[in-house]
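# Understanding the architecture of this molecule
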Amino acid sequence: MSAVLIDGKETARVIRAELKEKAAALTAAGMRPGLTVILVGDDPASCSYVTGKKAACEELGIFSDSLHFPADFPEAELLKIIGEKNRDSRIHGILVQLPLPPHIDENKIIEAISPEKDVDGFHPVNVGRMVLEQECFLPCTPHGILQLLMRSNIDTKGKKAVVLGRSNIVGKPIANLLFQKQAYGNATVTVCHTATPDLAAEIKEADILIAAVGRPATVTSDMIKPGAVVIDVGVNRIPDASKKSGFRLVGDVDFEAVKEKASYITPVPGGVGPMTITMLMANTILAAGRALKNKEKKTC
Ligand code: NAP
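## A word on the overall build of the protein
A count of helices and strands for the protein gives 10 helices and 11 strands. The buried share of the protein, taken over its 300 residues, is 48%. Nonlocal contacts in the protein, meaning residues at least 24 apart in sequence, comprise 70% of its contacts between residues at least 6 apart. For the protein, the exposed surface amounts to about 14,500 Å²; the carbon and sulfur share of it is 55%.

## What about the layout of surface pockets?
Of the pockets and cavities examined, the largest pocket occupies roughly 1,400 Å³. Considering the residues around the largest pocket, the lining is formed by 44 residues, among which Tyr49, Thr141, Val235, Gly273 and Thr276 are closest to the centre. Listed by contribution, the elements that provide at least two residues to the lining of the largest pocket are helix H1 (8-28), helix H2 (44-60), strand E4 (93-96), helix H6 (140-151), strand E10 (247-250) and helix H10 (273-299). Broken down by element, the lining of the largest pocket gets its largest block of residues, six residues, from H2.

## Concerning the site of the ligand
In the region of the ligand, 19 residues are neighbours, and Arg166, Ser167, Thr194, Val235 and Thr276 sit closest. Between an oxygen atom of the ligand and a main-chain N or O atom of Val233, the distance comes to 3.5 Å. Thr276 places a polar side-chain atom, nitrogen or oxygen, 2.6 Å from an oxygen atom of the ligand. About the coverage of the ligand: the protein hides 71% of its 930 Å² of free accessible area. In terms of residue class, the shell around the ligand is made up of seven nonpolar, 10 polar and two charged.

## A look at the environment of Ile277
Mapped onto the elements, Ile277 comes out in helix H10. For Ile277, the contacting residues outside a window of four places in its chain are Arg16, Tyr49, Gly52, Lys53 and Ala56.

## Structural notes on the nonpolar core
In terms of nonpolar packing, the biggest core is built from 53 residues, with Leu35, Ile145, Leu178, Ile210, Ile231, Val233 and Met281 touching the most fellow members. In terms of residues, this core owes the most to one element, H10, which gives 10 residues. Aside from chain neighbours lying at most four places away, what touches Leu178 is Leu146, Leu149, Thr156, Ala161, Val163, Tyr184, Gly185, Asn186, Ala187, Val189 and Ile210. Residues Ala3, Ile203, Ala206 and Val253 belong to the second largest nonpolar core, which totals 17 residues.

## With respect to the environment of Asn283
Position of Asn283 among the secondary structure elements: in helix H10. Sequence separation of Asn283 and Ile91 is 192 residues, and the distance between their C-alpha atoms is 12 Å. Those residues in contact with Asn283 that sit more than four places away from it in its chain are Val119, Phe137, Leu138, Cys140 and His143.

## A look at unusual backbone geometry
Along the chain, Leu98 connects to Pro99 via a cis peptide bond; the corresponding omega equals 5 degrees. Along the chain, the position of Pro99 falls in the loop between E4 and helix H4 (106-112). Looking along the chain, the bond that leaves Val268 and enters Pro269 is cis, with omega of -5 degrees. Residue placement: Pro269 occurs in the loop between strand E11 (264-265) and H10. The backbone phi angle of Glu133 is positive, close to 60 degrees, even though this residue is not glycine. With respect to the helices and strands, Glu133 occurs in the loop between helix H5 (124-131) and H6. One non-glycine residue, Ala217, adopts positive backbone phi at about 55 degrees. Within the element layout of this structure, Ala217 appears in the loop between strand E7 (208-211) and strand E8 (229-232).

## Topic: the pattern of salt bridges
Under the criterion given, the structure shown has 11 salt bridges. Glu18 serves as the salt-bridge partner of Arg151, at 3.0 Å between the closest nitrogen and oxygen. Within this pair, whereas Arg151 is found in helix H6, its partner Glu18 is found in helix H1, the two being separated by 133 residues in sequence. Given a relative accessible area of 38%, Arg151 falls into the partly exposed group. Across the pair Glu260 and Lys259 runs a salt bridge whose closest N-O atoms are separated by 3.2 Å. Accessibility expressed as a relative area gives 18% for Lys259, which makes it buried.

About the criteria used
Residues numbered from 1 in each chain as written. Predicted model: local features only at pLDDT ≥ 70, side-chain atom pairs only at ≥ 80, totals over all residues. Heavy atoms only, no water. Helix = DSSP H or I, 4+ residues; strand = E, 2+ residues; numbered from the N terminus. Buried < 20%, exposed > 50% of the residue type's maximum accessible area, 1.4 Å probe, protein only. Contact = heavy atoms within 4.5 Å. Areas by Shrake-Rupley, 256 points an atom, 1.4 Å probe, with all protein chains shown as cover. 1 Å grid on protein atoms, 1.4 Å probe; cavity = no way out; pocket = protein on both sides within 12 Å on 5 of 7 lines; lining within 4 Å. Points joined across faces, edges and corners; volume = space filled by probe spheres on them. Near = heavy atom within 4 Å. Polar contact = N/O pair within 3.5 Å; in protein donor to acceptor, adjacent residues only side chain to side chain. Nonpolar A, V, L, I, M, F, W, Y, C, P; charged D, E, K, R; others polar. Core = buried A, V, L, I, M, F, W, Y, C linked by side-chain atoms within 4.5 Å. Salt bridge = Lys/Arg side-chain N within 4 Å of Asp/Glu carboxyl O.

If you want it as structure tokens, here you go:
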């Protein structure tokens, strides 16, 4: 049996069409959504993510204001710019591309962003609100995974979900969301990491597997429960002489073998990746919608 492919590109295209309409309605109401993307340094992967974010803004009619600073840009200056963007009424979302150079304290930067403009959903206020199931900005990659599951009609209720990885941006939030008492949750969740003694035994229990470790072929077909849903978040570069770039992208899952045992699977590239930027756009539009509501309240 070959698994159904969960097409992240197509799902992202459908969601972007919905978002474009919402952005147009907000613009017509005098609140054009606006996003500032701040890049410090010239890390090639970060540059390419920022280019993708700018292109997505353009596609959806979102005002985008990109700032690119050299790798030695002082932390104090960056904090000053974030303060200015917090006060700029044209800007509803502020994203600082991570990782930052080592002389800049990432936590300090994240906490300087106003929680109302934290469209990455990394500010402790938004993380806390997410855990408490209150109104917040959901972090983009976990939100994208939930959208892929929901739009593929995959029911998580009562299922055993296993999450590989416990990072702040993927593992921890997706594990939390999957056990919440919500339509997208209600799963029983296990989180694995480098101190998990028997990773294969945990994976074998999974009805739904989320792999976010950043290591190619961590998940092989012998570990998979037949019929499992496999979401591969990993993005790994492996050498490939047949490519102009000299490398190709693979996930954390041995895709070719695992697809023969799983019921649903996401490819890499073209699975979770396109959803992450799309959910960033969704959060920016959500922030602009909230700003419009607040403005209307004040004028009442
Ligand atoms: P990260 O911060 O490096 O965290 C990796 C996690 O995996 C850690 O919790 C680590 O455990 C765990 N881990 C590593 N090797 C393991 C092993 N052999 N067995 C069990 N656990 C292991 O990574 P991240 O930021 O979450 O990203 C994970 C992957 O997803 C990367 O490939 C990244 O590029 C990709 N990603 C993709 C998107 C997208 O939009 N497609 C978005 C974000 C990330 P410890 O905590 O014990 O160290």
